[in-house]
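# Structural description and commentary
What follows is the residue order along each chain.
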Amino acid sequence: MANLVLENITKSFGLVEVIPSINLEITDGEFVVFVGPSGCGKSTLLRLIAGLEDASSGDIRIDGESVINVPAADRGVAMVFQSYALYPHMTVRENLSFGLENIRMPKGEIEQRVSKAAALLQIEQLLERRPKQLSGGQRQRVAIGRAITRDPKIFLFDEPLSNLDAELRVLMRVEITSLHQRLGNTMIYVTHDQIEAMTMADKIVVLRGGRIEQVGAPLELYNKPLNTFVAGFIGSPRMNFVQTKVVENSEAGITLSGEGLPNLTLPVQGLPLPAGAAATLGIRPEHLVPSADGWPLKVTLAEQHGASSYLHCMTPNGTPILVHEPGQSRLRSGDILHVSPAAGEWHLFDEEGLRVEPSGP
Amino acid sequence: MSASLRIARATGAVASLPARAIEPLMAGLQKAIGIKKMPWFFLLPNLLAVILFSLLPVFVNIFYSFTGSDRLYPSQRPFIGTYNYETLLDCGNYLDPSTCSRDLFWRALGNSLVFVPTQVAAMIGIALLTAICLNGNIRGRGFFRGVFFFPVMLSPVVVALTWQWILQRTGVLNGILTNLGFEPVNWLVYANSAFFWSVFVTVWAHMGFYTIILLAGLQAIPRDVYEAAKMDSASHWRAFTRITLPLLKPVLLVVFILAVIRSVQTFDELYVLTGGGPGSATLLMVQYIYEIGFAVQPRNFGLAAAASLLLGIVLLIFTLVQLRISRGSSNG
Amino acid sequence: MADLSLASSTGGVRNMLLGRRGRGRLHISDVLTYGYLLLGVLVMFAPVIWVVLSSFKTSAALQEFPPTLLPYSTEQVVVEGYEGTLPLFDVITESGDVVQLAQIRRVGLNAQMVDPTDPEAGRIVVPVANATPVREIHFAVENYVQLLASSGSEIWRFVFNSLFITVAATIITLIMNSMAAFALSKYRFRGDSLALVAILSTLMIPATVVLVPTYLIVAQLGLVNNLWGVILPTVATPTGVFLLRQYMLTIPDELIEAARMDHASEWRIFWRIILPLSSPALAVVAIFSILSRWNDFLLPLVVLNRREVFTLQLALASYQDENVVRYEQLLAMTTLTALPLAFAFIFLQRYITSGIASTGIK
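This one's a predicted model, so the numbers in the text were calculated from it and none came from an experiment.

### Focus on the environment of G41 of chain A
Tracing the backbone shows G41 of chain A in the loop between strand 3 (31-35) and helix 1 (42-50). Beyond its immediate chain neighbours, meaning those up to four positions away, G41 of chain A contacts V18 and I19 of chain A.

So, in structure tokens, the structure goes:
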């Protein structure tokens, strides 16, 4: 159990700067998820923490002690690899005990730790098998078990569920979360799947191009994304974005126009957006509600999910807009739908894509 | 299966005894020199052996070729400049070896120049034909594959003695000929037939190796490509020339280079089978180098080194041309 | 060939012998294919079988021309009053009867013979043309017995030398090559590509081209006429490093990282993770090494000059050099030399061929 501090961490491979500079603090017992599209540097960051890569500069501290020059094995962290990295020629038991034998732990204690981990993960009956004879989910458990036997301060997971099928993924998601609750260790989990991030994390770190875009609790990110990237990345299906221009910004609220749609006035004061400024309006599909005087959108495709419907619509200018409708929709392709944003459920971003909030009280 | 597993376990157990003793030593070494230097530690034994027995000899060879006398130790050998090369290359008429001061060198070179292309062409042709037959829809592929491969396992001396026994004046081949009413032939006494049998025997001994590689290459060509060709109503021959050969080209190239290098190095079989004879009819370059360097007294190491370097240069040029051709064709 | 005619006459047998894996009729190309393959069996197998059969012939039978297929020998009888045994002949007498007589000696076109059932009758002179030897199939195992007995412990010395060289060189090759391959496949360090090029470039240097300096270095190390003088120059095979490196590249790096996080030392990673996982490639390298060391000729020929350090191959070649070639022993020894590998081949055929095929291309 430990807290972790990254201070001005940078990493370059040759001339390519993968991580320009990262500062991050993770407190004891947190379940932190690094999320971002592929190539965002999340796996590199995890490997830097693990000690599998050397940082180009900066410092990593675990429990206040710098580990930047400590080899991976001695950092007190354990890693679950994407491919599980189980030793194929060893049985499950040998896989679990290999690391403990390496530090010359007494046989009895090894035995005890292995059976404890096996019981925790319900893999006792698999101990004498080899990885080849296991299913994907079982391998996953063994890989986690190998990390548990080492009793690390911090668990590191590198996209551990990406090799499982959809159903199993949901199951393992729940299991890892409950494992975290039982063990209480600090865990860092890397994924590109924002649903995993939302469902598992205490704290999400959204990364893009080696930079942290936003850090926060899942709902914080969902409710108040700091920029268009986070807004688009968190939440499924994706947030709709409409490019608009500010027509008027007054006491009555802010009036926006764009996409050949009727002007829309949002009842909010004190937004630092002068008339004529460009603004991106973001509304989640589930926050577009029918209203007679709303935007007229043409339905191009009605997707029936049974419990709810997704209506693929188009603005007069051809920008696609997705609308969520609870229950089974009666609309069909070609129909016109009138919608407007639910009260308060919209996000405004300025020209740089940064979130705009009312200034002052 | 279980028997081999048991053997593997047993040998593993035996091997683990010294291994257990070594492990703490190695862990200590890692602590002492640091993890970054460990790859050099792993590399060192092999690298030393390579330097000592492969790279160093090349340089010593160059030195030898510029020095004279029959002394082995470099310090005792006087420098004689390019004398060895001049001697080798000295010829009245390059088309007539008997006018050269080292006529055997030229005869050996000429023999090699005929032997290598002939043998390689025959080898690859027969190996390819065999591989194609084995790749067909046949029963007992494993058996036939084994039949064609097993001479590869035989030692060159055994191969040579076997064929000598068959080809001698009173051998079984002449026996069959006599029974059929032909005159027996002294196969290894006539220059042309000795040369033919030299090619034949070396092909016999080595073709299995190339057959296996070509067969693997053929089996790597997906069946559906042929099925597509069939749908395109391609004939057998067209499927062979337009699909098999182009797709097999990388493998053929490997086989070709290996075959040429091996062919140039041919020594053991012919040394025992014909001894280079009759006369010098089957004397190849490597045997020539061996003869002047080791067999004929006084040992002329300098001349042998010069001859081997000339051979090395020829091989190098061949390799470079080969690379150029293969690169050119992969670009085109 | 008999199989072919049989096959065309009866469908069932045809299918059994030549049946294609699929359905359908025997096509002309199948006939050609099987014809070629059977011819191949004849050309590849017959010479070796001939040598093995010949090695069981007596020295007298070996002199015969044309030779017989199976080892026959003339029946021998002991006749009272004559030393040793005498060969038995069927002789056509002047009256046209056939009687069995033992030949005492041959003089020109006539032979002196004696009736073994009635030695008292005295010598009979018979024209050679009327006599044919009485023959029986006889496997002259004595060739082998004599070979092993006459050379005494010498032949076991040759076998030991060959075995020692093969085993020692193969073990060292496997360890050294796999260590180097591990370094060159799983580490990135300054000079790694240079080291790789240095090792692989030696592929281009034919061993024969550097024969003289190799001999010099062996001599400098004081290893002439020493088995280690044949072992050491051959252990750093570039092909072995290359094959093993290619194979180790396919072992995921994550395994090594996992092991490193598991506190395994680099040596332990090599010994406990990489080596066991490379066993298919190690098997191929081992087979290559065993084959070439057991069959090695030129280097031993140069380095080993004394008979007591001869390998089997050198001894075999030296038998042929001797003034009087004793064919029956030469053939027996040829068979003996080829035997171990022939056995190994029967057991390992599948591994060898598939191993060479899978690694030969890359």
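### Thoughts on the sheet that holds strand 2 (residues 16-26) of chain A
Residue and element names in this part refer to chain A. Taking strand neighbours across the sheet as the criterion, the 4 strands line up as 2-1-4-5 in an open arrangement whose pairing is antiparallel. The open sheet has two edge strands, strand 2 and strand 5 (65-66), and neither has a second partner. Here 2 bridges tie strand 4 (residues 57-62) to strand 5, and the two strands are oriented antiparallel to one another. Each residue of the ladder has a partner; that of R61, found in strand 5, is S66.

### A word on the interface of chain C and chain B
Listed by partner, the interface residues are 100 residues for chain C and 101 residues for chain B. Between chain C and chain B lies a buried interface of about 8900 Å² when both sides are counted; carbon and sulfur atoms form 77% of it. Applying the counting rule to chain C against chain B returns 1 salt bridge. Across the pair E23 of chain B and R268 of chain C runs a salt bridge, and its minimum N-O distance is 2.7 Å. Inspection of the region where chain C meets chain B yields 8 residue pairs in polar contact (both at pLDDT 80 or more). It is helix 16 (residues 327-360) of chain C that contributes the most residues to the side of chain C that touches chain B, 16 residues altogether. A class-by-class count of the residues in the side of chain C that touches chain B yields 70 nonpolar, 22 polar and 8 charged.

### Side note on the domain arrangement of chain A
Where interface size is given, it is often the accessible area lost as the parts come together that is meant. Residue and element names in this part refer to chain A. Segmentation of chain A into domains returns domain 1 (4-233) and domain 2 (240-349). A C-alpha centroid distance of 39 Å is found between domain 1 and domain 2. If you look at the interface, domain 1 gives 9 residues, while domain 2 gives 7 residues. Taking both sides of the interface into account, the surface hidden between domain 1 and domain 2 amounts to around 590 Å²; carbon and sulfur atoms contribute 61%. For the domain 1 face of the interface with domain 2, the top three residues by lost area are Y222, T228 and A231, together amounting to 71%.

### Focus: the domain arrangement of chain C
The domains assigned to chain C are domain 1 (2-54), domain 2 (72-137) and domain 3 (145-360). For domain 2 of chain C versus domain 3 of chain C, the distance between C-alpha centres works out to 57 Å.

### What about the interface of chain A and chain C?
Each partner contributes residues to the interface: chain A has 26 residues there, and chain C has 15 residues. Note on chain A versus chain C: buried area summed over both sides is about 1800 Å², and carbon and sulfur give 60% of it. Applying the counting rule to chain A against chain C returns 3 salt bridges. A salt bridge links E257 of chain C to R47 of chain A; its shortest N-O distance comes to 2.4 Å. At the level of secondary structure, the elements contributing two or more residues to the side of chain A that touches chain C comprise helix 1, strand 6 (77-80) and helix 2 (92-102) of chain A.

### Some details on the packing of helix 11 (residues 253-261) of chain C against helix 12 (residues 266-277) of chain C
The axes of two packed helices give the description: the angle between them and the distance between them. Residues and elements named next belong to chain C. With their axes 10 Å apart at the nearest point, helix 11 and helix 12 run at an angle of 140° to one another. Here helix 11 lies oblique to helix 12, going by the angle between them. By crossing handedness, the relation of helix 11 to helix 12 is classed as right-handed. Across the interface between the two elements, L255, I256, A259 and R260 of helix 11 pack against E266, I269, I273, I274 and L277 of helix 12. Among the residues making up the contact of helix 11 with helix 12, the classes are represented as 7 nonpolar, no polar and 2 charged.

### Quick word on unusual backbone geometry
All names here are of chain A. A cis geometry characterises the amide bond from S236 onward to P237, with omega recorded as -5°. On the secondary structure map, P237 appears in the loop between helix 8 (228-233) and strand 11 (240-250). Even without being a glycine, D151 presents a positive backbone phi close to 50°. Along the chain, the position of D151 falls in the loop between helix 4 (136-149) and strand 7 (154-158).

### Side note on the side chain of N46 of chain B
Checked against the element boundaries, N46 of chain B lands in helix 2 (residues 38-65). Note on N46 of chain B: relative accessible area 0%, which makes it buried. With residues up to four places along the chain from it excluded, the contact list for N46 of chain B reads M176, N177, A180, I199, A236 and V241 of chain C.

### Structural notes on the confidence of the model for chain C
All names here are of chain C. Model confidence for chain C is summarised by a mean pLDDT of 79, while 86% of its residues fall at 70 or above. Here residues 1-23 scores under 50 on pLDDT; set against residues more than four positions off or in separate chains, the count is 27 contacts. Our summary of model confidence lists the complex with pTM equal to 0.77 and ipTM equal to 0.78.

Here is what the cut-offs are and how they apply
- Residues numbered from 1 in each chain as written.
- Chains lettered and ligands numbered in written order.
- Predicted model: local features only at pLDDT ≥ 70, side-chain atom pairs only at ≥ 80, totals over all residues.
- Heavy atoms only, no water.
- Helix = DSSP H or I, 4+ residues; strand = E, 2+ residues; numbered from the N terminus.
- Contact = heavy atoms within 4.5 Å.
- Pairing = 2+ DSSP bridges.
- Buried area = accessible area lost by both parts, 1.4 Å probe.
- Salt bridge = Lys/Arg side-chain N within 4 Å of Asp/Glu carboxyl O.
- Polar contact = N/O pair within 3.5 Å; in protein donor to acceptor, adjacent residues only side chain to side chain.
- Nonpolar A, V, L, I, M, F, W, Y, C, P; charged D, E, K, R; others polar.
- Domains from an automatic or database assignment.
- Axes fitted to C-alpha atoms, helices over the stretch in contact; angles between N-to-C directions.
- Parallel < 35°, antiparallel > 145°, perpendicular 65-115°, else oblique.
- Left-handed = near helix turned anticlockwise from the far one by under 90°.
- Buried < 20%, exposed > 50% of the residue type's maximum accessible area, 1.4 Å probe, protein only.
- pLDDT = per-residue confidence, 0-100.

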